[in-house]
Structures are given as structure tokens and as C-alpha cells.
Amino acid sequence: MSFSLGGLQAYTDQLSTDLVSQALLKPYSVQMLTIMAGKTAGTSAINLLNSNPYIIDATCGFNTSTVGPGGATGNATVFSQIDLVVQSKMLKEQLCPEDLRNYWLSSQLSPSAYATTVPFEEQIANNKIANIGAFVETTVWQGDGANLDGLLAQATVANGCIGGTGAGIVVPFVTATAFASMFGIINKLSNALRQENDLVAYMSYTNYQILVQGIMAQGNSLITQYPNIANVTGDAPSTFVFPGTNVTVFAAPGINNNNAIILGPKKYIYFGTGLLDDADNFKFYYDPSQDIVNFMSKFRLGTALYASQFVSTT
């Protein structure tokens, strides 16, 4: 009796959504952003809701004296929008199983003259996940050089961020002044922003490592009190909570500019992608017209941030 495999699908056909999700959501920086799934290619508006409270002693009536004259001096519910630009990307490759016959044992290849699959499909798929993940990590911060602006280009004072420079702040960090400089950048936040519970300081690995050295230079008591400094291991995002604050410091692999430090609420920094339909996928499939195995991955990504809620050193 032979095996009946007609009901089975190829490895990546079964796991296409899982694999493309890993490729897009696993990069370290994406884990520190707010993910907006279900986005089609193009520009979509993210709606933001804010309000101006006008709270006074209780009295009767609804008039100018009770609800305020309007604007900044009266109760107002304010709707605003920021644009999220998402671009479709793809990775395609053709694989000829016959090219492997001189290099791999026959046990790894089909004995049939018609090679309609490639060996090591899972390993190849994992390699493509890593390739796409590296592209996503870089593109999040640096853009794609064409249609997508990275967060480094968006998070600038010219685009509405709070200026993060001034007396007592030295960027790029140097060990002797890094501790004081980080406090100086945090102090640029308004009192309202300092109450946010998801503040993240995004910086390069170089600045992150120098800041760790600057904290260690403060003495053993500080290190004992704040033992959550994670060195760069490659196994997880490198983060720690900056002493005396609620700010998470994050080393972003995609930040290649040591002059750029961005600080603000994670809730207002967005990563847009698709993922909710089969337009984002991983596929291996045999094309009999060319007698070759094709690999194809398509995915969507883009970024946006609410600039006025962030401090930027650029």
C-alpha cells in the first residue's frame, strides 16, 4: 500500500499566513510600535481623538460661562488625522531542483525525473523570513528610498516634534554626559506627556550601549536598584527602564543615525501592514510550463507617527 498524499498541501501553503506574520511582526522595532493591520496599499487616515477640559465649580445651565467660550479655554472634543502610507513589496525567486543533484544525496531529492518540489523547504522559508525581517527593520526607520518615508524622516522638529536639543544635552551620547543628557531629553516632555504609561526612547545601538555605560558609571547603588538593563544578545529587543522615570529605552537595529533619539508614547507611533487577507503570503509552487519551482512572498508595510507627541533630537 502506498501513501495517499492528495489531501496534503505544501509546507508554505499551509503556513503562509503564519510565515508572513513572523516576517512582518518579528523584527525588533515592530514589537515596539503600534501595529495597524488590515491596511491596503496607499494612504489611509488614522483618526485621533483629543479634548480640552474646562472644569469649574458646579452651577446650573449650559452657556458660555459653564461650557467655556470655546477653543483652548472651553470644553472641546478635537478630532484630527495623520496619514499612514502603506506600500506593497514582494520577494520572488526561481528554484530549479535539478541544480541540486550534483550537491545533495539522492535521499534528499525525489528520485523522479520530474522534480516538482525543493528539499529543505522549511529551512528556505525561515531564511526568507529573516531576509524580509531585516528589510522591514531597516525600512521602518530609513524608508525604502522611494515611496515610503521612514520614521527617522518623519520624527523631526520640522515636522512638528518637540525639540530635543539644548544646554546639557550631548548627542551622540558620550559616556561622561550620557546619563545627564538622557534626563535632559526626558525633561523636554510636557507634564501631560510624562504621565503616559507607554513612553519609549528609540535610539541606535551605539547610543544605547553608551547610555548603559553612563548609568554604570553612576555607581553600584544605581545598578542594584535598576537591574533590568539588557545587553545586546540578539534574542530579544534590548530595553531597560531609565532610572527614576517610566521611560523604556530601546535600541532599534534600524536606526543608523547616532544623532537621532526619538521619545514619545508607543500608542502614537504606527506600523501599518496587511496580514488579514491572502494578498500577504508565502508560496512555493511548481510551474510545469517552465519546469521550475517558484517562490513568492508579497507583503505590505508603512509607518506614521503623531509628531506633536514626540521629542526628537533632529
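All values derive from a computational prediction rather than experimental measurement. (Residues numbered from 1 in each chain as written. Predicted model: local features only at pLDDT ≥ 70, side-chain atom pairs only at ≥ 80, totals over all residues. Heavy atoms only, no water.)

Asker: Can you break down the overall build of the protein residue by residue, with the values?
Answerer: Counting its secondary structure elements, the protein contains 9 helices and 12 strands. Scored against the burial criterion, the 314 residues of the protein give a buried share of 40%. Once local pairs closer than 6 in sequence are excluded, the contacts in the protein between residues at least 24 apart make up 75%. Split by element, the accessible area of the protein, about 16400 Å² in all, is 53% carbon and sulfur. (Helix = DSSP H or I, 4+ residues; strand = E, 2+ residues; numbered from the N terminus. Buried < 20%, exposed > 50% of the residue type's maximum accessible area, 1.4 Å probe, protein only. Contact = heavy atoms within 4.5 Å. Areas by Shrake-Rupley, 256 points an atom, 1.4 Å probe, with all protein chains shown as cover.)

Asker: Just give me the short version of the pairing of strand β10 (residues 281-287), but keep the residues and values in it.
Answerer: Within a regular strand, side chains alternate between the sheet's two faces. In the sheet, β10 pairs with strand β11 (residues 292-305) via 7 bridges, with the strands oriented antiparallel. Among the inter-strand pairings, Phe282 is bridged to a residue of β11, identified as Ser297. The hairpin turn running from β10 into β11, its antiparallel successor, is 4 residues long, and Asp291 in that turn takes a positive phi close to 55 degrees. (Pairing = 2+ DSSP bridges.)

Asker: I'd like a description of the sheet that holds strand β7 (residues 248-251), backed by residues and values.
Answerer: Taken together, 6 strands build an open sheet; the order of strands is β4-β12-β8-β5-β7-β6 and the sheet is mixed. Both edges of this open sheet fall to β4 (162-163) and β6 (238-241), since each of them pairs with a single strand only. Relative to strand β12 (residues 311-312), β4 runs parallel, the two being bridged by 2 bridges. Along β12, the bridge assignment pairs Gly163 with Ser312.

Asker: Report on the nonpolar core, specifying residues and quantitative values.
Answerer: Looking at soluble globular proteins, one finds that nonpolar side chains tend to be buried together. Core analysis: the biggest nonpolar cluster contains 48 residues, and Val136, Val140, Trp141, Tyr202, Phe282 and Phe310 have the highest contact counts within it. One finds Ala178, Ala201, Phe240 and Phe242 within the second-largest nonpolar core, a separate group that totals 25 residues. (Core = buried A, V, L, I, M, F, W, Y, C linked by side-chain atoms within 4.5 Å.)

Asker: Talk me through the confidence of the model for the protein; I want residue IDs and the actual numbers.
Answerer: The pLDDT averaged across the protein works out to 82; a share of 80% of its residues lies at or above 70. A low-confidence stretch, residues 1-8 (pLDDT under 50), is modelled with 0 contacts involving residues beyond four sequence positions or located in other chains. (pLDDT = per-residue confidence, 0-100.)

Asker: If you had to explain helix α4 (residues 121-142) to someone new, which residues and values would you point to?
Answerer: Counted at 1.5 Å a residue, the expected span for α4 with its 22 residues is 32 Å, and the 31 Å between its end C-alpha atoms agrees. Taken from the residues just after α4, Gly143 is the one with a positive phi, measuring 75 degrees. (Expected span 1.5 Å × (residues − 1).)

Asker: Could you give an account of the pairing of strand β5 (residues 199-203), naming the residues involved and the relevant values?
Answerer: With 5 of 5 residues buried, β5 lies mostly within the body of the structure. Neither face of β5 is left uncovered, since the one carrying Leu199, Ala201 and Met203 and the one carrying Val200 and Tyr202 both have all their residues buried. In this structure, β5 lies alongside strand β8 (residues 262-265), joined through 4 bridges in antiparallel fashion. Bridge pairing links Val200 to Gly264 in β8. Summarising the sheet, β5 and β7 pair through 4 bridges and their orientation is parallel. Looking across to β7, one finds that Met203 is bridged to Ala251.

Asker: Give a detailed account of the pattern of salt bridges, specifying residues and quantitative values.
Answerer: Taken as a whole, this structure holds 5 salt bridges when the rule is applied. With a closest N to O distance of 2.5 Å, Glu93 and Lys128 form a salt bridge. A residue pair is termed long-range when its members are at least 10 positions apart, and Glu93 in strand β3 (residues 76-95) and Lys128 in helix α4 qualify at 35 residues. Owing to a relative accessible area of 30%, Glu93 belongs among the partly exposed residues under this scheme. When its relative accessible area of 11% is taken as the criterion, Lys128 is described as buried. Glu196 serves as the salt-bridge partner of Lys267, at 2.7 Å between the closest nitrogen and oxygen. Of this pair, Lys267 sits in the loop between β8 and β9 (269-273) while Glu196 sits in the loop between α7 (191-194) and β5; the two residues are 71 residues apart in sequence, bridging distant segments of the chain. With relative accessibility at 19%, the residue Glu196 sits in the buried group. (Salt bridge = Lys/Arg side-chain N within 4 Å of Asp/Glu carboxyl O.)

Asker: Tell me what's going on with unusual backbone geometry, and back it up with residues and numbers.
Answerer: Cis peptide bonds are those with omega within 30 degrees of zero, and the linkage from Val171 to Pro172 qualifies with 5 degrees. Position of Pro172 among the secondary structure elements: in the loop between β4 and α6 (175-186).

Asker: For the environment of Gln31, give the residues involved together with the corresponding values.
Answerer: For Gln31, the location among the structural elements is in helix α2 (residues 28-31). Between the alpha carbons of Gln31 and Phe271 there is a distance of 9.5 Å; along the sequence they are 240 residues apart.

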